[in-house]
Structures are given as C-alpha cells and as structure tokens.
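Secondary and tertiary structure notes
Read off the chains here:
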Amino acid sequence: MRTVNFTTRPELRGTFGMVASTHWLASAAGMAVLERGGNAFDAAVATGFALQVVEPHLNGPGGDLPAIVYDATRGEVQVVCAQGTAPAAATIERFEQLGLDAIPGTGFLPAVVPGAFDGWLLLLREFGTWRLADVLEFAIGFAETGFPIVPAIERAITGVEDIFRDEWTTSAEVFLPVPRAGTLFRNPGVAATYRRIVAESRGGTREQELERARALWYEGFVAEQIDAFVCTETMDTTGVAHAGLLTADDLAGWHATLEPPLTRDYHGHTVFKTGPWGQGPVFLQQLALLERFDLREMGVGSAEFVHTVVECAKLAFADREAWYGDPAFVDVPIELLLSDAYADERRMLVGDDASGDLRPGGPSPRLPAPVRGALAAGVGEPTRASGDTCHLDVVDRHGNIVSATPSGGWLWSSPVVPELGFPLGTRAQMFWLEEGLPNSLAPGKRPRTTLSPSLAFRDGDPYLAFGTPGGDQQDQWSLVFFLHHVDFGLDLQAAIDAPSFHTNHFPSSFYPRDAHPRQIEVEARYRPEVVETLRERGHEVEVTDEWSLGRVSAAGRESGMLKAGANPRAMQGYAVGR
C-alpha cells in the first residue's frame, strides 16, 4: 500500500471484528454485538436499527434498505432488496388528475411501502443468530434514554420548523422545540413501537418471533396506524389538500427479497452491486469504461484523472436514465450495458473536452423529457456531507461481510405517524410521470433508487464492504474511493480522506429533477492549477469546502487480518474494531 504522511485517523487493523458506519453510536452498538458473540449479520441489524434513531435526519423506521452480504458458510454473495413498492393506487393518471407533472419530494403522495423493517428481519432470519429483542436493545435504549444531537440534526429541524409548527403538528410534537446540538434527545414513540413489537412477538423459536414481528408491522398495528393516518385529507406545503395513496393492503402484500448480485471484474477485483432497480450497475459501467485508461499514469488528483472519471460517469449515468428500472416490470439490457464490447464502443466518446450532452447508448435509447415546472412543493434528498442517508459495513472473524445503505423516512419527508413516532419515506419521487420509460410510475413497482452498497472480492477472495450516503453521488464518491484504493494503493482511511469530486451533469433522481450540464464539484483541497485546467477543458467547476463531498466508510479482510476506515466529513462517522 502507498504510504501517506497524514490521515485524519488510522486505518484500523485487528483479527476479531470491524464495524464502520455514519454514526459512532451505531458503530459502537454493532461492535457490542460482536463482542457478545453475535456474527456480522447480527451486528449489522443492530447497527441499522440504531441508525434509525440516532440519525433521524438521514433515515428512519419508515425508510428502505438495500444490502449486499457475503455468508462465509454458504460461500456466496446475495443482495437484500428491501426497497418498498408504489401503492396500488399510485398511477400516472392519478397524479395527472392532481395537476402534477412530477411527484413531490415530501408529504404522503410519494410514500411507498416502508421496507427497512422487513429487510433487517430478513437479514437476521436468513444469516443471523440473535433474537429480535437483542438486536433492538440498542435502538430502544437510544430512543428511551436519549442520544446527543449532532449539529446536522439541529440544522435539519430548524429548516422545517415552520412547516412542523404550522402544518405537520404530529412532527412538531416529536421534534419541537428544536433540540440544540450536544443536548440529549429522546423519541418515546419509536421506543414504544419497537417495545410493543418485541413484547407481542416474544415466544417460541427465533424464526417464529421474527415472523410474528413482521406480521405486526405489515399486517398489524403498524400498518393500521399508517393506513388510518395516510388515507385522510392532509395539506401539503402549497396549501392543497391531498389524501395519501398508501394503504394497509399495500403493506400486507409486500415482502423483502434475496436476489443475486450483478458483478464486474476490475484490476484483480470483482465488484458486486444491486440490480437495475437501483443505480448500482452504474458503478460497474464506470469500471468497464475506466478499465482501459491508465489512471496511474495520469496521477492521483490530476486534472486528467478527474476529467476522465467525470466523462465516463456522464456516459454511464446517461444509460441509467435511459435504461434502468424495476426488472420485474421492464426489460433492462443489462448484459449489453455491462459487456466489454459495449464499453469499448462507448469509451471512444471520451474526448479531451467536457461533453455538454447526455449520451445514452444501446438500441433506441429514450431519455425522460425535462420536467416543465412541477406544481408541488417539497425537497428531495440533500447530498452534502451534512446528510441524506446512512451507510454501514461489518466484517467478522468468521469471514462474513455486510454492506448496507439504509435511507428514507427522514424527519422532513412526511408528517410523523401518531402512535408510531416516525414519518414515512418518499421514495416514489424518483419515478417519472411520463409513460413508457423504464422508471415510469406503476402500482407495485420499485422506484429506481440511488441507494448503492458495494462489496468486492480481491483475487477471488472475499475482501471489502464499502459505500456512502449521497443520492446520485453515491456511485461517484464511492468510485473515487475505490480507484484511490485499487489503482493508487492508498489504504482504506487514506482513500477515504483523499479529496473527492462528482458531476451534476445528468438529471437528479430527486424532486425537482434538475440537471446541470458540464458542472462538476471538487473539494477545495484540489490544487488551483487542477481547477483551472478543468475549466479550460470546458467543465463548469464549483469549488466546495475542503471536507464536504462524501461520507464513505469501509471494512474488509486482508492476509488474515480485518481492517476498516470511516469518513471524517460531517464529524460523526466512525469505525471501531479489534
């Protein structure tokens, strides 16, 4: 590995277990599970539930979850898909009747089935060893006795204080007055919900408890409370009354699933990603394009390196816009998109200057029409270091590996459901209201999510879990980390710490679906001459704060040792291990 003079913290090394996540309390909870005999899957579930409580501005119980796991006993990699689907009543015609040409980013209209709970239960049932009460102990404890507010939570609640006070009064009851950074915050509603599930599911085998817990959520009191609250006339921020579309029947008819991953080899590594119901394959497409470029010769942090990665990202994300969607509903030509021949053809489009076009490939590609001017209020998913999503990585001494990116159900997504203590997610905002697109809205369909955990083998051996929050930037920031590690030999922490960048060239996955052709953002730690060269090549360069882009964490195995690193950006991510 290439040595560097300074990193914000060491790359952790040990032999027992490693947990890295976007919040130190969640990482500590996961490590406590490992110390008490749990495996990586038990630890990941405890970490995930803890994140719902301690990072309510980034995810919540009403959110969604993809995870990629390697089970050493089975010797295989699988994807946990806990992305909830659109309600049965969610049709393009319904939104047209409301006068909308884009699904709003907040409120009940963009709510989908909350998938995270069944996703964590599926992971625990199929791969874990602990009972539900034990993995929920940490989340319930933080919700009941309190956890320290980080500055980002205070900022997030301050930003929506007026909406909470004037319209979303159930949210005001939980989150107002605005809690100040450093003070303890409690959410008794979430604690009571999880305590009731534990109490009413207790008894019998571990599997029986988990099945009863699942039924309580998707067919019992949780579904009933959601149905009663959502399917009423509520006011959005425009003052227009809209009844929600999500019902108890939608919850009862849905299950999280296990799926095979998609893969791509790159310089001795095999990378595993989700299917095209998520944006994960765009990471693999970028690797295919970059494989024939000599990035090492360009040099880490050089203008040539940034330009090449950005131009390849533009091509891959153009294909995302033209082709990705729920494969249960649309035929995604994924074999073509990941093929060597296709990458060789597309690579020829990378020139010396920044492209201003969105150029998908494949047979008769079709891009969404620009949104004309949506009539609904709302915000999507912020993509700065201050927030939007969570991520966690776990490796244990048995050889198990977990990478998971829980998200959705942010405190500003929709009003808190009474008696439950949490809001619903708004992932349906990622659908298009234009007929005939791979990601067009349809009942029972998964929105093409941006959530994108990663897992990699090295020389055929299970090696690394990694990922980041960041919406559309997830498969850019994590790619920059991966290239820094694989091509330039930086250790995990140094690769995380290294300056990052991304492009905003393609349409955002979030309301209001805007695009900024040629625009790239780079951290201020890039040398001025690099920025100037990029501008000379036609890039619209926005220089951000020095530590502002990405919240990557990673954990892996190497030569009989375990290792991990976590992001210093936002000053709350942490890795722990021994």
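For the structure itself, look to the data block above.
Described in the following lines is the structure provided in the data block. (Residues numbered from 1 in each chain as written. Predicted model: local features only at pLDDT ≥ 70, side-chain atom pairs only at ≥ 80, totals over all residues. Heavy atoms only, no water.)

A few words now on empty space enclosed by the protein. Applying the stated rule across the entire model yields 5 cavities of 30 Å³ or more. Volume-wise, the largest cavity comes out at about 120 Å³. For the lining of the largest cavity, the per-class residue count stands at 10 nonpolar, 6 polar and no charged. Put simply, the second largest cavity is a space of about 70 Å³. Lining the second largest cavity we find 14 residues, and of these Trp 477, Ala 495, Ile 496, Ser 500 and Val 552 sit closest to its centre. At the level of secondary structure, the elements contributing two or more residues to the lining of the second largest cavity comprise helix 18 (474–486) and helix 19 (492–497). For the lining of the second largest cavity, the element with the most residues is helix 18, which contributes 4 residues. (1 Å grid on protein atoms, 1.4 Å probe; cavity = no way out; pocket = protein on both sides within 12 Å on 5 of 7 lines; lining within 4 Å. Points joined across faces, edges and corners; volume = space filled by probe spheres on them. Nonpolar A, V, L, I, M, F, W, Y, C, P; charged D, E, K, R; others polar. Helix = DSSP H or I, 4+ residues; strand = E, 2+ residues; numbered from the N terminus.)

Looking along the chain, the bond that leaves Leu 176 and enters Pro 177 is cis, with omega of 0 degrees. Residue Tyr 511 is joined to Pro 512 through a cis peptide bond whose omega torsion reads 10 degrees. With respect to the helices, strands and loops of the structure, Pro 512 is situated in the loop between strand 16 (501–503) and strand 17 (519–523). The backbone phi angle of His 267 is positive, close to 50 degrees, even though this residue is not glycine. Within the secondary structure, His 267 is located in the loop between strand 10 (262–266) and strand 11 (269–273). Here His 267 falls in the partly exposed class, since its relative accessible area comes to 37%. Although it is not a glycine, Ser 364 adopts a positive phi angle of roughly 50 degrees. (Buried < 20%, exposed > 50% of the residue type's maximum accessible area, 1.4 Å probe, protein only.)

Let us now look at the sheet that holds strand 2 (residues 17–21). If you walk across this open sheet you meet the 7 strands as 9-4-3-13-12-2-21, and the pairing is antiparallel. Looking at strand neighbours, the two that pair on one side only are strand 9 (257–259) and strand 21 (574–577), the edges of this open sheet. Along the sheet, successive strands turn relative to each other by an average axial angle of 15 degrees, direction set aside. Relative to strand 9, strand 4 (residues 76–82) runs antiparallel, the two sharing 3 bridges. (Pairing = 2+ DSSP bridges. Axes fitted to C-alpha atoms, helices over the stretch in contact; angles between N-to-C directions.)

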